[in-house]
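Tertiary structure, described
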Amino acid sequence: MTQIFEAIKKSAVRIKEAIEYDDTGYSDLQNATGDTQLKLDIKCDLIIEEEFAKVASIKEIVSEEKEEITPLHVDGKYLVAYDPLDGSSLIDVNLSVGSIFGIYEGGQAGANILASVYVVYGPRVELVIASDALHFYRLNKKGEFIFQKDIHLAQKGKLNAPGSTQSCWEPKHKKMIDAIFNDGYRLRYSGGMVPDLHQILLKGGGIFSYPATSDLPKGKLRMLFEVFPFAFAYEKAGGKAIDGKNRLLDLSPTHIHDTTPCFFGSNAEIQRVLETYAQ
Ligand code: P6P
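Quick look at the sheet that holds strand β8 (residues 125–130) now. Read across the open sheet, the 8 strands follow the order β4-β3-β5-β6-β7-β8-β9-β10; overall the sheet is mixed. In the strand order of this sheet, the two ends are held by β4 (70–71) and β10 (145–150), each with one partner. Bridge count between strand β6 (residues 97–104) and strand β7 (residues 113–121): 8 bridges; the pairing is antiparallel. Among the inter-strand pairings, G102 is bridged to a residue of β7, identified as S116. Sheet strands in contact with helix α2 (residues 39–52) are β3 (58–63), β4, β5 (78–86) and β6, and its direction is about 150 degrees off that of β5. In the packing of helix α4 (residues 193–202) onto the sheet, contacts are made with β5, β6, β7, β8, β9 (134–139) and β10, and the angle to β7 comes to roughly 100 degrees.

Okay, here's the thing in structure tokens:
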């Protein structure tokens, strides 16, 4: 697995430079979800595929930018599912974006995830590896990721990151979000899953929600390369990750681009979600 982490670190340095200096215009292509791809989306996907092609332990890869699974090494052990540049539409307004990776063995279910990694491209480039714990690194001037600390969530936090179109929320969800704000929580939502979830982890706790809505009954965020990697990370930090009722890592996609409603947070906030969605 170490070689996969090293390949991700090399990709992150190359993606950082692409974000800073390359064209942020749109291509005339669409991804599997129907999003028009930025030239950067395609370039970052190619960077990661190039680096993974050098890692013999990777059997196949799944990318947000590709319709189907891509085979790499027939004798490899792992499936790596990734979103090369999550929130890329935020780049042209100079907000933080990220890359997300899930490393699986023996299948594509949440139960098959062995580790996850995410990278935040912000004022600083930071990388977090979820394996035995949640390990936080920061890029230095020499292009090396230097370990900072292990991340731990408090039992209860102060941040509320309510995603999706509010006019499409179920009444019980709106009532819950309003009650959380009435308890003094601070709104922290940029529209970028990676920086939004990273902030809650670094600030010690809170809740990020992307629920089922009338316009997206199965949610928006993809199981394999967005939801499961962060669910694994939040659990390693001592928090929880659910779909409203079930633990997210107990779910299995039927298609590699399947989505699910998702809630990530400290234990106290997730308890509020469970009580709300049990109604
Ligand atoms: P909304 C970015 O497009 C993304 O996939 C995630 O990074 C982010 O959490 C979500 O969509 C934002 O969606 O509907 O709240 O704008």
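In this section: the site of the ligand. For the ligand, the full set of nearby residues is D86, G87, S164, Y189, G191, G192, M193, F208, Y210, K220, L221 and E226. Here an oxygen atom of the ligand sits 3.1 Å away from a polar atom, N or O, in the main chain of S164. A distance of 2.5 Å is found between an oxygen atom of the ligand and a side-chain nitrogen or oxygen belonging to Y189. Across the complex, the protein chains shield 78% of the 400 Å² of accessible surface that the ligand would expose by itself. Here the shell around the ligand is built from residues that sort into 5 nonpolar, 4 polar and 3 charged.

Before going further, it helps to examine unusual backbone geometry. Not every positive phi belongs to a glycine, and N94 is a case in point at roughly 60 degrees. Inspection of the secondary structure puts N94 in the loop between β5 and β6. Non-glycine residue S164 carries a positive phi angle of around 80 degrees. In this fold, S164 is placed in the loop between β11 (159–162) and α3 (171–182). Accessibility expressed as a relative area gives 16% for S164, which makes it buried.

This brings us to the domain arrangement of the chain. Assigned domains within the chain: domain 1 (2–150) and domain 2 (159–277). Taken together, the contacts link 43 residues of domain 1 with 28 residues of domain 2. A salt bridge links E64 to R222; the shortest N-O distance between them is 2.4 Å. Connecting domain 1 to domain 2 are 10 residue pairs in polar contact (both at pLDDT 80 or more). Going through the elements one at a time, β3, β5, β6, β7, β8 and β9 are the ones with two or more residues in the side of domain 1 that touches domain 2.

Looking now at the sheet that holds strand β15 (residues 262–265). Whenever strands of a sheet pair, they do so through backbone hydrogen bonds, lying parallel or antiparallel. The sheet built from 5 strands is open, its strands ordered β12-β11-β13-β15-β14 with mixed pairing. What marks the edges here is a single partner per strand, and that holds for β12 (186–187) and β14 (240–242). Bridging between strand β13 (residues 206–210) and β15 involves 4 bridges; their strand directions are antiparallel. Considered in β15, the bridge of F208 is made with F264. This element, helix α5 (residues 223–236), spans β14 and β15 of the sheet and lies at about 25 degrees to β15. Packing against the sheet, helix α6 (residues 267–277) makes contact with β13, β14 and β15, and its axis sits at approximately 150 degrees to β15.

Tracing the chain through its elements places L224 in helix α5. Along the primary structure L224 and E105 are separated by 119 residues, whereas in three dimensions their C-alpha atoms are 13 Å apart. Among all residues touching L224, those that are not within four sequence positions of it are V62, A81, Y104, Q108, P229, P253 and I256.

Bringing the pairing of β13 into the picture now. Of all 5 residues that make up β13, 5 are buried, and the element is covered over most of its length. Here 4 bridges tie β11 to β13, and the two strands are oriented parallel to one another. Each residue of the ladder has a partner; that of A161, found in β13, is F208.

Bringing the packing of α3 against α6 into the picture now. Packed helices, taken two at a time, are described by their axes: the angle between them and the distance between them. With their axes 10 Å apart at the nearest point, α3 and α6 run at an angle of 150 degrees to one another. The angle between α3 and α6 falls in the class roughly antiparallel. Both α3 and α6 take part in a crossing whose hand is right-handed. Of the residues in α6, those touching α3 at K172, H173, M176, A179 and I180 are R272, V273, T276 and Y277. Looking at side-chain class alone, the contact of α3 with α6 contains 5 nonpolar, 2 polar and 2 charged residues.

Cut-offs used in this document
- Throughout this description, residue numbers start from 1 for each chain and increase along the sequence as written.
- Local features in this predicted model are restricted to residues whose pLDDT is 70 or higher, and side-chain atom pairs enter the listing and the counts only when it is 80 or higher, whereas totals over whole chains, interfaces and linings include all residues.
- Water and hydrogen atoms play no part in the side-chain values, which are based on all heavy atoms of the structure.
- Any two strands with at least two DSSP-identified bridges between them are counted as paired.
- By definition, any uninterrupted DSSP run of H or I lasting at least four residues is a helix, any uninterrupted run of E lasting at least two residues is a strand, and each is numbered from the N terminus.
- Whether two residues are in contact is decided by their heavy atoms: any pair within 4.5 Å suffices.
- Axes here refer to lines fitted to C-alpha atoms; in helices the fit is confined to the stretch in contact. Angles between the N-to-C directions go from 0 to 180 degrees.
- Near residues are defined by distance, with any heavy atom within 4 Å of the molecule or strand qualifying the residue.
- For the purposes of these results, a polar contact is taken to be a pair of N or O atoms within 3.5 Å, where, inside protein, one atom must be able to donate a hydrogen and its partner to accept one; residues adjacent in sequence count only when each atom of the pair is a side-chain atom.
- Each accessible area is a Shrake-Rupley result for a 1.4 Å probe, and residues are judged covered by the shown protein chains and nothing else.
- As a working rule, the residues Ala, Val, Leu, Ile, Met, Phe, Trp, Tyr, Cys and Pro are called nonpolar, Asp, Glu, Lys and Arg charged, and the rest polar, with Gly in that last group.
- Per-residue accessibility, obtained with a 1.4 Å probe over protein chains only, is compared with the maximum for each type, and a residue is labelled buried under 20%, exposed over 50%, and partly exposed between these values.
- The split of the chain into domains comes from an automatic or database domain assignment.
- Here a salt bridge means any side-chain nitrogen of Lys or Arg lying within 4 Å of a carboxyl oxygen belonging to Asp or Glu.
- Oblique is the label for any angle not under 35 degrees, not over 145, and not in the 65 to 115 range, which are roughly parallel, roughly antiparallel and roughly perpendicular in turn.
- In this scheme the handedness of a crossing depends on how the near helix is turned from the far one: anticlockwise by less than a right angle means left-handed, clockwise means right-handed.

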